[in-house]
Amino acid sequence: MIGNNSITLPSWIDDYIFNHLGASYQRLNSDMLVIDYGRKEILQYLGTYFPRSYAESYTIFSRYLRSYKGIYTNKKDLSIFDFGCGTGGELIGLISAIKEQLPHLETIKIHAFDGNQDALRIMEQIAIYCQKIYSTPMINIRIAPLRIDDFYDLSLFQEVCLNKAKKYDIILTFKAICEFATKQQFETKNPYSHIINTFIPYLEENGIMCIADISSHNYVSQEWLPRMLDNGINTTTCNVLMQNKDFNESLYITHSHKQKDLSKIAWRILKHK
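Treat the numbers as computed from the prediction; the structure is a model and nothing was measured.

## A look at empty space enclosed by the protein
- One pass over the full model with this rule turns up one cavity of 30 Å³ or more.
- In this structure, the largest cavity occupies an estimated 310 Å³ of space.
- What lines the largest cavity is a set of 26 residues, among which Gly84, Asp114, Lys175, Ala176 and Glu179 lie closest to the centre.
- Within the residue set of the lining of the largest cavity, elements represented by two or more residues are helix H3 (50-67), helix H4 (89-101), strand E4 (107-114) and helix H7 (177-183).
- Here the element with the most residues in the lining of the largest cavity is H7; it accounts for three residues.

What follows is the structure, encoded as structure tokens:
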């Protein structure tokens, strides 16, 4: 449910992550490295940041699909690639927006990637449960576990996990690229530019890429992440289709463990020029 940038986590998700999966609410540090988390930390992340990612994705894609619904009028299937899916909050938020805005869709095909095995297992469980709640569209999910530490690992991921003949309607990455900036995994190269240039060729003709990230000052790069994001976009062959106003956008998410939890993000929806 959404209104004035205030979202309540659906009760079925709330119950499942807290009562069935054992999530807990605990804010962590700003420059998080989720890829290195163990199961206990992942469950803390699930109870704290999954609801935020759900709210962010649901809000962004509800707006986008309302504005560009005509693109999908004749489509029965939708293909999605999530780079750095974590526990899957943004995926479930996207699925919820699709369910409301594109009720004619028959199938959603998801290719989800992350380097943290515990997060991937939880994401897969939630996606399976989501299918029980949403009888349609059919959700087909394929996961790709691989840790990326440098250029070589990303090239290996492309070679092993991605098919050049395969194109996606939506590519998304939520609060994942900031970790590459923190660990300087692409040396001094702008990580947003590198990720965009890597995956844009995998978009369908009318496909979009959505990047959402925290809007803090990164202590390693010594840059504000929204500015780093825009600088990276400016070096690519993409146009910005939609974006948040001002420096960042504030969203409030309410669930059984926290009332009006504040999340501030910068987001951009990109398309081919």
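Structure's up, so let's keep going.
## Remarks on the packing of aromatic side chains
- Tallied over the entire structure, the rule returns 15 aromatic pairs.
- Clustering of aromatic rings is evident, with ring pairs tying together Phe81, Phe83, Phe113, Tyr168, Phe180, Phe199 and Tyr202.

## Things to note about the pairing of strand E7 (residues 203-214)
- Burial analysis of E7 places nine of its 12 residues in the buried class, the great majority of the element.
- Taken together, the six bridges between strand E6 (residues 168-174) and E7 define a ladder with parallel strand orientation. Among the inter-strand pairings, leucine 172 is bridged to a residue of E7, identified as cysteine 210.
- As paired elements, E7 and strand E12 (residues 258-272) share six bridges and run antiparallel to each other. Bridge pairing in E12 links methionine 209 to leucine 270.

## Digging into the nonpolar core
- In terms of nonpolar packing, the biggest core is built from 59 residues, with Ile17 and Phe61 touching the most fellow members.
- Other than its neighbours up to four places away in sequence, isoleucine 17 contacts Leu9, Gly22, Ala23, Leu46, Phe50, Pro51 and Ile126.
- Judged by nonpolar contacts, the second largest core, of 31 residues, contains Phe81, Ile148, Phe180 and Ile214.

## Concerning the environment of serine 62
- In this structure, serine 62 sits in helix H3.
- Spatially, the C-alpha atom of serine 62 lies 8.8 Å from that of serine 96, the residues being 34 residues apart in sequence.
- In this view, serine 62 contacts Ser57, Ala97 and Gln101; residues no more than four positions away in its chain are not counted.
- Within the structure, the side chain of serine 62 is placed 2.6 Å from the backbone oxygen of tyrosine 58, a separation counted as a polar contact.

## With respect to the environment of arginine 121
- Along the chain, the position of arginine 121 falls in helix H5 (residues 117-133).
- For arginine 121, a relative accessible area of 46% puts it in the partly exposed group.
- For arginine 121 and glutamine 101, which are 20 residues apart along the polypeptide, the C-alpha to C-alpha distance reads 28 Å.
- Among the polar contacts listed, one links the side chain of arginine 121 to the side chain of aspartate 118, at a separation of 3.1 Å.

## Brief notes about the confidence of the model for the chain
- For the chain, mean pLDDT is 90; residues scoring 70 or higher make up 93% of the total.
- Between the elements of the chain, mean pLDDT differs from a low of 46, seen in strand E1 (residues 2-3), to a high of 98, seen in helix H1 (residues 11-20).

## Remarks on the pattern of salt bridges
- All chains considered together, the criterion is met by six salt bridges.
- Salt-bridge contacts for arginine 63 lead to glutamate 249; the nearest nitrogen and oxygen are separated by 2.5 Å. Linking arginine 63 in helix H3 with glutamate 249 in strand E11 (residues 249-255), this pair joins segments that are 186 residues apart in sequence.
- By relative accessible area, glutamate 249 is classed as buried at 10%.
- As a salt-bridge pair, aspartate 169 and lysine 75 come within 3.2 Å of each other at their nearest N and O atoms. Of the two residues, aspartate 169 sits in strand E6 while lysine 75 sits in the loop between H3 and strand E3 (77-83), which places them 94 residues apart along the sequence.
- Classification of aspartate 169 as buried rests on a relative accessible area of 7%.
- Using a relative accessible area of 24% as the deciding quantity, one classes lysine 75 as partly exposed.

Conventions and cut-offs
- Residues numbered from 1 in each chain as written.
- Predicted model: local features only at pLDDT ≥ 70, side-chain atom pairs only at ≥ 80, totals over all residues.
- Heavy atoms only, no water.
- 1 Å grid on protein atoms, 1.4 Å probe; cavity = no way out; pocket = protein on both sides within 12 Å on 5 of 7 lines; lining within 4 Å.
- Points joined across faces, edges and corners; volume = space filled by probe spheres on them.
- Helix = DSSP H or I, 4+ residues; strand = E, 2+ residues; numbered from the N terminus.
- Phe/Tyr/Trp six-rings, centres within 6.5 Å; stacked < 30°, edge-to-face > 60°.
- Buried < 20%, exposed > 50% of the residue type's maximum accessible area, 1.4 Å probe, protein only.
- Pairing = 2+ DSSP bridges.
- Core = buried A, V, L, I, M, F, W, Y, C linked by side-chain atoms within 4.5 Å.
- Contact = heavy atoms within 4.5 Å.
- Polar contact = N/O pair within 3.5 Å; in protein donor to acceptor, adjacent residues only side chain to side chain.
- pLDDT = per-residue confidence, 0-100.
- Salt bridge = Lys/Arg side-chain N within 4 Å of Asp/Glu carboxyl O.

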